[in-house]
Amino acid sequence: MPATSPIHLVVLFGGRSAEHDISRVSAFNVLRSVDRDRYDVTPIGIERDGTWRRCSDNTANADATAIEIDGDAVNPFDVLKSPGTVVFPVLHGPNGEDGTMQGLLEVVGVPYVGSGVLGSAVSMDKAMAKTVLGAHQIAQPHWRSIQRYQVDQPDFDQMLDAIVDELGEELFVKPANMGSSIGVSKANGATELRSAIDMALNYDDIVIIEEAVTAREIEIAVLGNEELSLGSIGEVRPAADFYDYEDKYSDGVADVVIPAVLSPAIEAAVRETAVAAYRALRAEGLARVDLFVNEDHPEPSRRVMVNEINTLPGFTQISVYPQSWEHAGVSHSDLIDKLVDLALQRHQRMSAHHVDVISTRDDQ
Ligand SMILES: Nc1ncnc2c1ncn2[C@@H]1O[C@H](COP(=O)(O)OP(=O)(O)O)[C@@H](O)[C@H]1O
Ligand SMILES: [Mg+2]
């Protein structure tokens, strides 16, 4: 350990998001694992109304599983402006994982864990992410998106029929800008599709409609900025019809198998696809890339498809991202160290970019 003063690590959690509670569980796990000799830790909880509070640390409480948002209200700028600070936004979903918080942190000029504004925003919006993956010829389920204004147009029903014709009767419908399976549902045919769209529109103005694929769900942890490392590959076996909210956060509901049993060729394709998606979507620091794998798919190029990428994946006790590293021999505490180092590296690199104009003329 360097003899210099410890890094001031601000752990942000909660937030104005439907994934507020999950974030409190993720943060609990981070705060419990972080090396207190290396970091001077400040837990900052963000209430649903946006108030920032300096929270008491209840990680020593044996019965607790989530950080409580208590303590005095603080001015965000005062927290972020203190010297030697690195921020770990342990925030999921809108207002945390979508580039908005990253924008604030960029403006303040504080190093932070994870992807920048663009990578966060593009990855959070499933329609944008799919557009970018498509442009990079990365395989994914066939999809369409619709916007709220289209629902009231006279040809909307015809449009739904056309989507069913194109993508098939069995469909997945999701809000573009969410996570944790919130607002996600399965629809069979045009009538169910319509109510599934109405449900998803409660969460966002843009809705994704996808062909339902028959495939295993494979997740892989990626770490790095320029040079990337991959954790052990995980497979989730949903207990329900699909991997829903309950499955994701109630222990013992879904099965998580690490390492996933895959043929060498498929495993190589999973790794290659995950790296391609991470780079295409401009992820940095960390991300979990979720894929659909069907080794028997008649089209070889569709045996491994990307479902989505999460730039601030869950860090709960049963979340795949930290488990995947643990299996690969990286403890939670080492993982946090690596993430903070990557945040500092990225900050240094970005700070080195010229902000003045370099003259290309020879004006002597
Ligand atoms: N096209 C699809 N085919 C089959 N299952 C799907 C499809 N899209 C989503 N699912 C199921 O729904 C779950 C949640 O969808 P996902 O797109 O990952 O949303 P979220 O961002 O909320 O996690 C997936 O983990 C999977 O079980
Ligand atoms: Mg998902």
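Fair warning: this is a prediction, and the values are worked out from it, not measured in the lab.

(A) Seen up close, the overall build of the protein chain. When helices and strands are tallied, the protein chain shows 11 helices and 14 strands. On C-alpha atoms alone, the protein chain measures out to a radius of gyration of 21 Å, which is about the 21 Å that the 2.2 N^0.38 rule sets for 364 residues. Relative to its full complement of 364 residues, the protein chain shows a buried share of 53%. Taking the intrachain contacts of the protein chain between residues at least 6 apart in sequence as the baseline, contacts between residues at least 24 apart amount to 68%. Accessible surface, the protein chain as shown: approximately 16,700 Å² in total, 48% of it carbon and sulfur.

(B) Layout of the domain arrangement of the protein chain. Along its sequence, the protein chain is carved into domain 1 (7-112), domain 2 (142-211) and domain 3 (214-349). Here the C-alpha centre of domain 3 lies 23 Å away from the C-alpha centre of domain 1. If you look at the interface, domain 1 gives 27 residues, while domain 3 gives 21 residues. Of the roughly 2,000 Å² buried between domain 1 and domain 3, counting both surfaces, carbon and sulfur atoms make up 60%. Between the two partners, domain 1 and domain 3, sit 3 salt bridges. Counting every contact that joins domain 1 to domain 3 gives 12 residue pairs in polar contact (both at pLDDT 80 or more). For the side of domain 1 that touches domain 3, the secondary structure elements donating two or more residues are strand S1 (7-14), helix H1 (20-33), strand S4 (85-89) and helix H3 (100-108). With 7 residues, the top contributor of residues to the side of domain 1 that touches domain 3 is H1.

(C) Focus on the packing of aromatic side chains. Applying the stated criterion across every chain yields a total of 3 aromatic pairs. An angle of 65° between the planes, with centres 6.4 Å apart, marks the rings of Tyr321 and Trp325 as edge-to-face. With Tyr321 and Trp325 both in helix H10 (residues 320-327) and 4 residues apart, this pair spans about one turn of that helix. Taken as a pair, Tyr321 and Trp325 share a single burial class, namely buried. Following the ring pairs from residue to residue traces out a cluster consisting of Phe88, Phe315, Tyr321 and Trp325.

(D) Structural context of the sheet that holds strand S2 (residues 39-46). Here 4 strands make up an open sheet; going across it, the order is S3-S2-S1-S4 and the pairing mixed. What marks the edges here is a single partner per strand, and that holds for strand S3 (52-54) and S4. Across the sheet, the mean angle from the axis of one strand to that of its neighbour is 30°, orientation sign disregarded. As defined by bridge partners, S1 adjoins S2 across 8 bridges and the pair is classed as parallel. For Ile7, the partnering residue across the bridge sits in S2 and is Tyr39. Packing of H1 onto the sheet brings it into contact with S1, S2 and S4, and relative to S1 it is tilted by some 150°.

(E) Structural detail: the site of ligand 1. In the neighbourhood of ligand 1, 19 residues make up the surrounding shell, with Lys126, Lys174, Ser181, Glu210 and Glu217 lying closest. Glu217 places a polar side-chain atom, nitrogen or oxygen, 2.4 Å from an oxygen atom of ligand 1. The fraction of the free accessible surface of ligand 1 (550 Å²) that becomes covered by protein chains is 96%. For the shell around ligand 1, the elements supplying multiple residues, two or more each, are strand S6 (170-175), strand S8 (206-211) and strand S14 (304-310).

(F) Representation of the nonpolar core. In terms of nonpolar packing, the biggest core is built from 33 residues, with Leu9 and Phe88 touching the most fellow members. Secondary structure elements with two or more residues in this core: S1, H1, S2, S4, strand S9 (216-224), H10 and helix H11 (332-351). The element that contributes the greatest number of residues to this core is H11, accounting for 6 residues. When we break this core down by domain, the ones giving at least three residues each are domain 1 (7-112) and domain 3 (214-349). With near-sequence residues (within four places) excluded, Leu9 lies in contact with Val34, Tyr39, Asp40, Val41, Thr42, Val86, Phe88, Ile336 and Val340. Within the second largest apolar cluster, 26 residues are counted, among which are Ile233, Val270, Ala274 and Val289.

The rules behind these values
- Residues numbered from 1 in each chain as written.
- Chains lettered and ligands numbered in written order.
- Predicted model: local features only at pLDDT ≥ 70, side-chain atom pairs only at ≥ 80, totals over all residues.
- Heavy atoms only, no water.
- Helix = DSSP H or I, 4+ residues; strand = E, 2+ residues; numbered from the N terminus.
- Rg over C-alpha atoms; globule rule 2.2 N^0.38 Å.
- Buried < 20%, exposed > 50% of the residue type's maximum accessible area, 1.4 Å probe, protein only.
- Contact = heavy atoms within 4.5 Å.
- Areas by Shrake-Rupley, 256 points an atom, 1.4 Å probe, with all protein chains shown as cover.
- Domains from an automatic or database assignment.
- Buried area = accessible area lost by both parts, 1.4 Å probe.
- Salt bridge = Lys/Arg side-chain N within 4 Å of Asp/Glu carboxyl O.
- Polar contact = N/O pair within 3.5 Å; in protein donor to acceptor, adjacent residues only side chain to side chain.
- Phe/Tyr/Trp six-rings, centres within 6.5 Å; stacked < 30°, edge-to-face > 60°.
- Pairing = 2+ DSSP bridges.
- Axes fitted to C-alpha atoms, helices over the stretch in contact; angles between N-to-C directions.
- Near = heavy atom within 4 Å.
- Core = buried A, V, L, I, M, F, W, Y, C linked by side-chain atoms within 4.5 Å.

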